[in-house]
Amino acid sequence: MGTIQKEVQDGHLSRHENELRWLRPFLSAFDITWASDRRAHGSNYSVYFMRPTPATQETFGLDQEIMLVYSKYDSLEARTFQSIEQFINDDPARGRVDRLFAVLVSESANANQWAAEYASTNEARTIAVFSAESLRNSAGDAWYVRNKIASQVFTRDLFDFRLPLERDTYFFGRTALLHSFKDGVKRGENRGLFGLRKTGKTSFLYKLRRELSEDGNTISLFYD
């Protein structure tokens, strides 16, 4: 059973006692280590950091702390997820919390549907969405949080992207080929890249463009 650190109890939760009811179920899988009020894109949120218990680490392969964002509004909008992106890239989350996985607790009745539609077009990270009301009603179910995370994390095929990868979050491998193409560019060589559909050709070219742009000495143009 996880714990809530005293600083969180005496600080953030003392000002937001109503959040404790939906927060308690997470103690079956996490320790609550940090919390604060945050504002972004015109909305206010509660942001928590959660440290996975040893059992949760083993089950989901989570080593770092996880960021949880609570939205008190009865509807979800794109700015909710934009706020999560901002929080995860700002201090103190940057370098401390897992960048590929986050949790959203929402008072919206259709939170799961909204999040599923968002996830189908977003490659940055997996966001497990919980209904605050469902969490409040899950008292006594020690597996609710873990089962909910499993249903949203393990059912997502990380390789099933409809569009090419435009960021480094899920790009991996092909290091030797990438270096070969970069060297070819520096020597002024012409190169061709061939392959079957959906094998990562465009993702590779996006990655090459990012690499070339970072050195500051190369101008890269991409024509589709």
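Bear in mind that the values here come from a model prediction, so they are computed numbers and not experimental data.

**Description of the overall build of the chain**
On a plain count of helices and strands, the chain comes out with 10 helices and five strands. Counting the 224 residues in the chain, one finds 43% classified as buried. Across the chain, the fraction of contacts at a sequence separation of at least 24, relative to all contacts at a separation of at least 6, is 67%.

**Describing helix α10 (residues 201–214)**
Between its terminal C-alpha atoms α10 stretches 20 Å, which fits the 20 Å expected from 14 residues at 1.5 Å a residue. Residues of α10 that are buried: Ser203, Phe204, Tyr206, Lys207, Leu208, Arg210 and Leu212. Where α10 is buried, its residues meet α9 (175–186).

**Details of the pairing of strand β5 (residues 126–131)**
Burial analysis of β5 places six of its six residues in the buried class, the great majority of the element. Residues Thr126, Ala128 and Phe130 point to one face of β5 and Ile127, Val129 and Ser131 to the other, with burial holding for every one of them.

**What to know about the nonpolar core**
Within the largest apolar cluster, 28 residues are counted, with the highest numbers of intra-cluster contacts made by Trp22, Phe26, Val103, Val105 and Phe130. Not counting the four nearest positions on each side in its chain, Phe130 is found in contact with Phe26, Val103, Leu104, Val105, Ser106, Leu135, Tyr144, Val145, Lys148 and Ile149. Formed by 18 residues, the second largest nonpolar core is a distinct cluster that contains Ala40, Val47, Val69 and Phe81.

**Digging into the sheet that holds strand β3 (residues 65–71)**
The five strands lie next to each other as β1-β2-β3-β4-β5, forming an open sheet whose pairing is mixed. In this open sheet, the two strands that pair with only one neighbour each are β1 (30–40) and β5. Strand-to-strand twist of the sheet, defined as the mean angle between neighbouring strand axes without regard to direction, takes the value 25°. As paired elements, strand β4 (residues 97–106) and β5 share six bridges and run parallel to each other. Within β5, the residue paired with Val103 across the bridge is Ala128. Helix α5 (residues 78–89) rests against β1, β2 (43–52), β3, β4 and β5 of the sheet, and its axis sits at about 140° to β4. On the sheet, helix α8 (residues 144–153) packs against β1, β4 and β5 and is oriented at approximately 135° with respect to β5.

**A short note on the environment of Gly95**
On the secondary structure map, Gly95 appears in the loop between α5 and β4. Sequence spacing of Gly95 and Gln64 is 31 residues, and the spatial spacing of their C-alpha atoms is 9.3 Å.

**Concerning the side chain of Arg136**
For Arg136, the position within the fold is in helix α7 (residues 132–136). The residues contacting Arg136, other than those within four sequence positions of it, are Arg21, Trp22 and Glu107.

**Some words on the packing of α9 against α10**
Where α9 meets α10, the axes come as close as 10 Å, and the angle between the chain directions of the two elements is 55°. By the angle class used here, α9 and α10 are oblique. Helix-helix and strand crossings are classified by hand; for α9 and α10 the assignment is right-handed. Of the residues in α10, those touching α9 at Leu177, Leu178, Phe181, Lys182 and Val185 are Phe204, Lys207, Leu208, Glu211 and Leu212.

**Let's talk about a nonpolar patch on the surface**
On the surface, Ile219, Leu221 and Tyr223 cluster together into a nonpolar patch covering about 470 Å² of accessible area. With a relative accessible area of 64%, Leu221 lands in the exposed category.

Conventions used here
Residues numbered from 1 in each chain as written. Predicted model: local features only at pLDDT ≥ 70, side-chain atom pairs only at ≥ 80, totals over all residues. Heavy atoms only, no water. Helix = DSSP H or I, 4+ residues; strand = E, 2+ residues; numbered from the N terminus. Buried < 20%, exposed > 50% of the residue type's maximum accessible area, 1.4 Å probe, protein only. Contact = heavy atoms within 4.5 Å. Expected span 1.5 Å × (residues − 1). Core = buried A, V, L, I, M, F, W, Y, C linked by side-chain atoms within 4.5 Å. Pairing = 2+ DSSP bridges. Axes fitted to C-alpha atoms, helices over the stretch in contact; angles between N-to-C directions. Parallel < 35°, antiparallel > 145°, perpendicular 65-115°, else oblique. Left-handed = near helix turned anticlockwise from the far one by under 90°. Patch = residues over 30% accessible without salt bridge, like charges linked within 9 Å, V, L, I, M, F, W, Y side chains within 5 Å. Areas by Shrake-Rupley, 256 points an atom, 1.4 Å probe, with all protein chains shown as cover. Salt bridge = Lys/Arg side-chain N within 4 Å of Asp/Glu carboxyl O.

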